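So the chains spell out like this:
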Amino acid sequence: MTRAVILYWSSTGNTEKVAFALKDGLEAAGVNVSVIKTTETEDIDYFDYDLVCVGSPSIQWHPPKQVTEFLLKKFDDYRKQGKIKTGAPKVPRKNALIFCTYSGPHTGLNEATPVGKYVGQFFEHLGFTVLDEWYVLSEFHGSEERSTKGRMGDIRGKPTEEDLQKIRMDAQKLASKL
Ligand SMILES: Cc1cc2nc3c(=O)[nH]c(=O)nc-3n(C[C@H](O)[C@H](O)[C@H](O)COP(=O)(O)O)c2cc1C
């Protein structure tokens with residue numbers, strides 16, 4: 001059976017909602033899915049999975065330390081095991097998906113893409129194929145100004161149920177590539 005793990009961190013719940021919609025969609029496609037917070041595990045081997053998904057909010061256009069510390073620690077372990085190889089040769093059937101929730105109050109999507117690119121590099125360096133990066137516009141909880149007057153307009157309530165349904169459908173399509 002195809003196996004996936006969803007590793008995520010979330011402070012105000014947006015990334016968590018996306019993580020569980022992704023889980024629903026993958027499961028609907030017959031994938032065995034585990035969902036784990038980055039702060040609640042260290043003992044995980046990406047190579048045990050066909051698909052590793054990492055979800056992070058954008059905090060000052062970076063992933064927060066709860067995500068980077070997890071990724072850097074794992075990267076160090078893999079380096080010690082000799083799995084970071086020059087040229088990053090592809091490892092068959094090892095895939096990653098990166099998803100980032102963001103509010104883009106100042107410059108829009110440009111505040112989120114550095115997160116997706118940075119997180120994706122941890123996987124490409126290991127020889128994984130990054131199948132996609134998903135950027136999910138989400139309410140800036142705790143700031144009405146940034147949720148209504150920012151570059152992306154009125155984003156209150158996002159991700160909406162409709163947004164989450166699209167994620168479930170996109171997850172099913174993604175599963176067909178595994
Ligand atoms: C301290 C802080 C800094 C943030 N910085 C950014 C940012 O630089 N760019 C952006 O697009 N969103 C920023 N946001 C908004 C979050 O990325 C967005 O609301 C995200 O969906 C939160 O995810 P979560 O609910 O899973 O914690 C920031 C939010 C907080 C609380």
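Shown above is the structure to which this text applies.
These numbers come from a predicted model, not from an experiment.

A. The pairing of strand 1 (residues 3-8), seen in detail. Burial analysis of strand 1 places 5 of its 6 residues in the buried class, which makes it a mostly covered element. Relative to strand 2 (residues 32-37), strand 1 is paired through 6 bridges, and the arrangement is parallel. From the neighbouring strand, Ile6 faces strand 2, where its bridge partner is Val35. Handedness of the crossover is the feature at issue here: the chain leaves strand 1, passes through helix 1 (residues 14-28), returns alongside strand 2, and the resulting connection is right-handed. Where strand 1 lies against strand 3 (residues 51-57), 5 bridges are found, and the strand directions are parallel. From the neighbouring strand, Tyr8 faces strand 3, where its bridge partner is Gly55.

B. Inspection of helix 2 (residues 65-80) at higher detail. Relative to the 22 Å expected for 16 residues at 1.5 Å per residue, helix 2 spans 22 Å between its end C-alpha atoms, a close match to the ideal helical length. Inspection of helix 2 places Val67, Thr68, Phe70, Leu71, Lys74, Phe75 and Tyr78 among the buried residues, and these make up the whole buried set. Each buried residue of helix 2 lies within a common arc of 160° when the element is viewed along its axis, so the set occupies one face. Helix 2 presents Lys65, Glu69 and Lys80 as exposed residues on the side facing more than 90 degrees away from its buried surface. Just past helix 2, the residue Gly82 takes up positive phi, approximately 75°.

C. Spatial organisation of the packing of helix 1 against helix 5 (residues 161-175). Direction vectors running N to C along helix 1 and helix 5 enclose 45°, while the axes themselves pass 7 Å from each other. Between helix 1 and helix 5, the interaxial angle falls into the category oblique. Crossing angle aside, the handedness with which helix 1 passes helix 5 is right-handed. Between helix 1 and helix 5, the contacting residues are Lys17, Val18, Ala21, Leu22, Asp24, Gly25, Leu26 and Ala28 on the first element and Leu164, Ile167, Arg168, Ala171, Gln172 and Ala175 on the second. Across the contact of helix 1 with helix 5, the residue classes tally to 9 nonpolar, 2 polar and 3 charged.

Calculation notes
- Residues numbered from 1 in each chain as written.
- Predicted model: local features only at pLDDT ≥ 70, side-chain atom pairs only at ≥ 80, totals over all residues.
- Heavy atoms only, no water.
- Buried < 20%, exposed > 50% of the residue type's maximum accessible area, 1.4 Å probe, protein only.
- Helix = DSSP H or I, 4+ residues; strand = E, 2+ residues; numbered from the N terminus.
- Pairing = 2+ DSSP bridges.
- Right-handed = clockwise from strand over helix to strand, strands pointing away.
- Expected span 1.5 Å × (residues − 1).
- Arc of directions from axis to C-beta.
- Axes fitted to C-alpha atoms, helices over the stretch in contact; angles between N-to-C directions.
- Parallel < 35°, antiparallel > 145°, perpendicular 65-115°, else oblique.
- Left-handed = near helix turned anticlockwise from the far one by under 90°.
- Contact = heavy atoms within 4.5 Å.
- Nonpolar A, V, L, I, M, F, W, Y, C, P; charged D, E, K, R; others polar.

Without other data, these values stay purely geometric and don't point to any function.
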